[in-house]
Amino acid sequence: MSDRRPLIRRRPLQAEPLPGHHPVVARVLAARGIDDPAQLDPALQRLLAPELADLDAACARLAQALRARERILVVGDFDADGATSTALALRALRSMGQAEIEYLVPNRFDFGYGLTPELVEVARERKPGLILTVDNGVSAHAGIEAAARHGIDTIVTDHHLPGPSLPAATAVVNPNRADCGFASKNLAGVGVVFYLLIALRARLEQDGYFAAAGHEPPNLAALLDLVALGTVADVVPLDRNNRILVEQGLRRIRAGHASPGVRALLEAAGRDPARACAGDLGYAIAPRLNAAGRLADMALGIETLLADDPDAARAAAARLDALNRSRREIESEMQTQAEQELQRLRERLPFDGELPPAITLHDGRWHQGVIGILAGRIREAVHRPTAILATAEDGTLKGSLRSIPGLHIRDVVAAVAARHPGLVSRFGGHAMAAGLTLPPDRLDAFRAAFAAEVERACGGCVPGREILTDGPLAAAELTLETAEALRRAGPWGAGFPEPQFDGEFEIRDHRTVGERHLKMSVATDGDAAPVDAIAFFADESLRSDPGRRARLVYRLDVNEFRGRRSAQLVVEHMEPLTDR
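Residues numbered from 1 in each chain as written. Predicted model: local features only at pLDDT ≥ 70, side-chain atom pairs only at ≥ 80, totals over all residues. Heavy atoms only, no water.

Further remarks concern the overall build of the chain. When you go through the chain residue by residue, the secondary structure sums to 17 helices and 17 strands. Over its C-alpha trace the chain gives a radius of gyration of 24 Å, about what one expects of a compact globule, namely 25 Å for 580 residues. Each principal axis of the C-alpha distribution contributes one length, and for the chain these read about 80 × 60 × 45 Å. The burial tally for the chain puts 54% of its 580 residues in the buried class. Restricting to contacts in the chain with at least 6 residues of sequence separation, those with at least 24 account for 67%. Total accessible area on the chain is roughly 24,700 Å²; 49% of this is exposed by carbon and sulfur atoms. Charged side chains of the chain number 69 positive and 78 negative; the gap between the two group centres comes to 1 Å. (Helix = DSSP H or I, 4+ residues; strand = E, 2+ residues; numbered from the N terminus. Rg over C-alpha atoms; globule rule 2.2 N^0.38 Å. Buried < 20%, exposed > 50% of the residue type's maximum accessible area, 1.4 Å probe, protein only. Contact = heavy atoms within 4.5 Å. Areas by Shrake-Rupley, 256 points an atom, 1.4 Å probe, with all protein chains shown as cover. Lys, Arg positive; Asp, Glu negative; His and termini not counted. Charge placed at Lys NZ, Arg CZ, Asp CG, Glu CD.)

Counted under the stated rule, the structure contains 41 salt bridges. Its salt-bridge partner being R71, residue E100 comes within 2.9 Å of it at the nearest N-O pair. Taken as a pair, E100 in the loop between α3 (80-95) and β3 (101-104) and R71 in the loop between α2 (55-68) and β2 (72-75) lie far apart in primary sequence, 29 residues in all. The exposure class assigned to E100 is partly exposed, which follows from its relative accessible area of 33%. The exposure class assigned to R71 is partly exposed, which follows from its relative accessible area of 30%. Two residues, D557 and R487, come together in a salt bridge whose shortest N-O distance is 3.1 Å. Here D557 is found in strand β16 (residues 549-561), whereas its partner R487 is found in helix α17 (residues 480-488), with 70 residues between them in sequence. Residue classification places R487 among the partly exposed residues on the basis of a relative accessible area of 23%. Among the charged side chains, a salt-bridge network with shared partners connects E484, R487, D557, E560 and R565. (Salt bridge = Lys/Arg side-chain N within 4 Å of Asp/Glu carboxyl O.)

Quick look at the sheet that holds strand β10 (residues 426-429) now. With mixed pairing, the five strands of this open sheet are ordered in space as β7-β8-β9-β11-β10. The open sheet is flanked by β7 (359-362) and β10, the only strands paired with a single partner. Ignoring which end each strand starts from, the neighbouring axes of this sheet average 15° apart. As judged from the six bridges shared by strand β9 (residues 397-402) and strand β11 (residues 433-438), these two strands associate in the antiparallel manner. Directly across from L397, in β11, lies its bridge partner L438. Against the sheet, helix α15 (residues 409-419) makes contact with β9, β10 and β11, and its axis sits at roughly 160° relative to β10, the strand it touches most. Sitting on the sheet, helix α16 (residues 443-457) touches β7, β8 (386-391), β9 and β11, and the angle it makes with β7 is about 160°. (Pairing = 2+ DSSP bridges. Axes fitted to C-alpha atoms, helices over the stretch in contact; angles between N-to-C directions.)

Right, let's get into the packing of helix α10 (residues 260-268) against helix α11 (residues 278-295). Here α10 crosses α11 at 100°, and the two axes come no closer than 9 Å. Taken as axis vectors, α10 and α11 run roughly perpendicular relative to one another. Residue-level inspection shows V262, L265, L266 and A268 of α10 in contact with α11, the latter providing D280, I285, R288 and L289. In the contact of α10 with α11, the residues fall into six nonpolar, no polar and two charged. (Parallel < 35°, antiparallel > 145°, perpendicular 65-115°, else oblique. Nonpolar A, V, L, I, M, F, W, Y, C, P; charged D, E, K, R; others polar.)

Looking now at the pairing of β9. Summarising burial for β9: five of the six residues are buried, a large majority. Where β8 lies against β9, six bridges are found, and the strand directions are antiparallel. Residue T391 lies in a different strand from β9, and its bridge partner there is L397.

A word on α17. Every buried residue of α17 is listed here: T482, A483, A485 and L486. The arc that holds every buried residue of α17, seen down its axis, measures 160°, which confines them to one face. In α17, the exposed positions angled more than 90 degrees off the buried face are occupied by E481 and R488. Lining the buried residues of α17 we find α1 (23-31), β13 (501-513) and β16. (Arc of directions from axis to C-beta.)

What follows deals with the packing of aromatic side chains. Note on aromatic pairs: each is described by the distance of the centres and the angle between the planes. Taken as a whole, this structure holds six aromatic pairs when the rule is applied. Ring centres of F182 and Y195 lie 5.1 Å apart, and the angle between their planes is 75°; on these two criteria the pair is classed as edge-to-face. Taken as a pair, F182 in the loop between β6 (171-173) and α6 (189-206) and Y195 in helix α6 lie far apart in primary sequence, 13 residues in all. Of the residues examined, F182 reaches a relative accessible area of 3% and is grouped as buried. Aromatic pair Y209 and F210: ring centres 5.2 Å apart, planes at 80°, arrangement edge-to-face. Taken together through their ring pairs, the aromatic side chains of F501, F505 and Y554 make up a single cluster. The side chain of R243 reaches across the aromatic face of F496, ending 4.0 Å from its centre. (Phe/Tyr/Trp six-rings, centres within 6.5 Å; stacked < 30°, edge-to-face > 60°. Lys NZ or Arg CZ within 6 Å of the ring centre and 35° of its normal.)

This part covers the environment of A57. Summarising the element assignment, A57 is placed in helix α2. Each C-alpha atom, one on A57 and one on L355, is 51 Å from the other, the two residues being 298 residues apart in sequence. Here A57 is in contact with T170 and A171, once residues within four sequence places are set aside.

Take the packing of helix α8 (residues 224-233) against α11 next. With their axes 9 Å apart at the nearest point, α8 and α11 run at an angle of 85° to one another. Classified by the angle between their axes, α8 and α11 sit roughly perpendicular to one another. In this structure, α8 uses A228, L229, V232 and A233 to contact α11, whose residues at the interface are A278, L281, G282, I285, A286 and L289. Grouping the constituent residues of the contact of α8 with α11 by class yields nine nonpolar, one polar and no charged.

In space, the five strands of this open sheet follow the order β3-β2-β4-β5-β6, with parallel pairing throughout. Two strands lie at the open edges of the sheet, namely β3 and β6, each paired on one side alone. Across this sheet, the average inter-strand angle for adjacent strands is 20°, counted without regard to direction. The sheet contact formed by strand β5 (residues 153-157) and β6 spans three bridges and is parallel. Counted as the bridge partner of T157 is V173 from β6. The strands touched by α6 within the sheet are β4 (130-134), β5 and β6, with β5 carrying the most contacts at an inclination of about 120°.

Now for the side chain of R252. Tracing the chain through its elements places R252 in helix α9 (residues 240-254). Despite its burial, R252 remains without a salt bridge, the nearest opposite charge being carried by D225 at 7.4 Å. Within the local environment of R252, its side chain forms a polar contact with the side chain of Q248, the two groups lying 2.8 Å apart. Not counting the four nearest positions on each side in its chain, R252 is found in contact with L44, A221, A222, L224, H257 and A258. (Polar contact = N/O pair within 3.5 Å; in protein donor to acceptor, adjacent residues only side chain to side chain.)

Set out below in structure tokens:
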């Protein structure tokens, strides 16, 4: 492709800046359409009421199971959302008096995703009367039918997009059902489970269940640290409802009321729980938790979140930290190999030619558990929808796909499957991420069909990359005070993007640190005081000589090192400028 620079555009103000805020924060909130202080109120009382389709049926069946002391089997997913959903369900139901409860998470390498008929055979060994799926199940028609044949009822809680029909479960609780009027369609899997549990607790309390058992109804708000972690980790849009869930969870973490596992994971990452923010959940805890599902078994992550003993939690978190270091090493090697393949692809293009509308890469050496991360890295590098495929033990090709803004990747894969019957064995996912399985001999056919469908969906031309910023910051605003004010104004995340700014800086000096990170000292002009900056995984071509100027797009963050706190620019994009 011709390496076109992205269009850097500044967000317009959509509202009048609210009084009473730091001037930079007021401007940032106005650019996100916040025109009423109530929109920033994180009180739990402002959560949407639990009014989801099938919620009553799900609560009735769970209440029956609790009263009859049936064995409940929670079937989760092997990512951070699935792990937090599983831990939340077990902790909450145990607090309601349910002793006969276990969990089962499919190993991605043996069973793949969700409640499959093969997994039901494993589940039967636990002799459950009821299966509760969390963060999966809306597409598990065959698995739910298999469970029913063995006399096992299933309640589905999920947030993934349903197909043309819903499975024949006792209840399917999913805000994205076509007939569900719940106003927030953006709940993560853990958010859906939380809503089911608070509705169940209310029903049991109304029916006198807790009074008869002789104990108070549990305080489910105490588990919001798990809800916050799963919500941020799954990168769902932080609409007003999700921001309340995340902020309330963060407040409990900062107040010292996190579960031992969450606290241990923060400490393993070198983060102070007393200063935790959404970024710590997404960039520090989530990768360590996900490492279990990517390289080993997510049971280790779930056991970390279920641990009540701090020492046991720290030991489990240390194992997750070691797995995450291994994951980074594998990822680095895979990324180098993928970049080499991209370079070979560029060399085959005509002069100033463009890469295909979609990128499909496969290597028999690649680790199936890390292809999702690699797909995201390549997508960011080339701004193309990207499919990364690995060869599974059975010879099939397992793929992970990442999209660009404005292109619904699951719909693209669905269209490929519809136009080319038999090409895609299985698929599922979201607007920005999807997964699929291909027969081993269909790689080239899929590569062509994927590119053609992306081109069709984009109207013949893949849109260029666009970076939205909140404008420049003056030298006097590049301070710890501003960084702390921005951090307090969160939680930031998908759909409520963390502020990023742009401006021209002089590069005073730089050095490589860690794996491929560029540590710099920069200043807005020759007379201004320098500010620390870091660009993670910086491309070699962006390493300007000291004294040169560059345009930076950056986040203003708080850097904590050896007890010292200072402002730091986290560089998201860098363009060396020509001499003037």
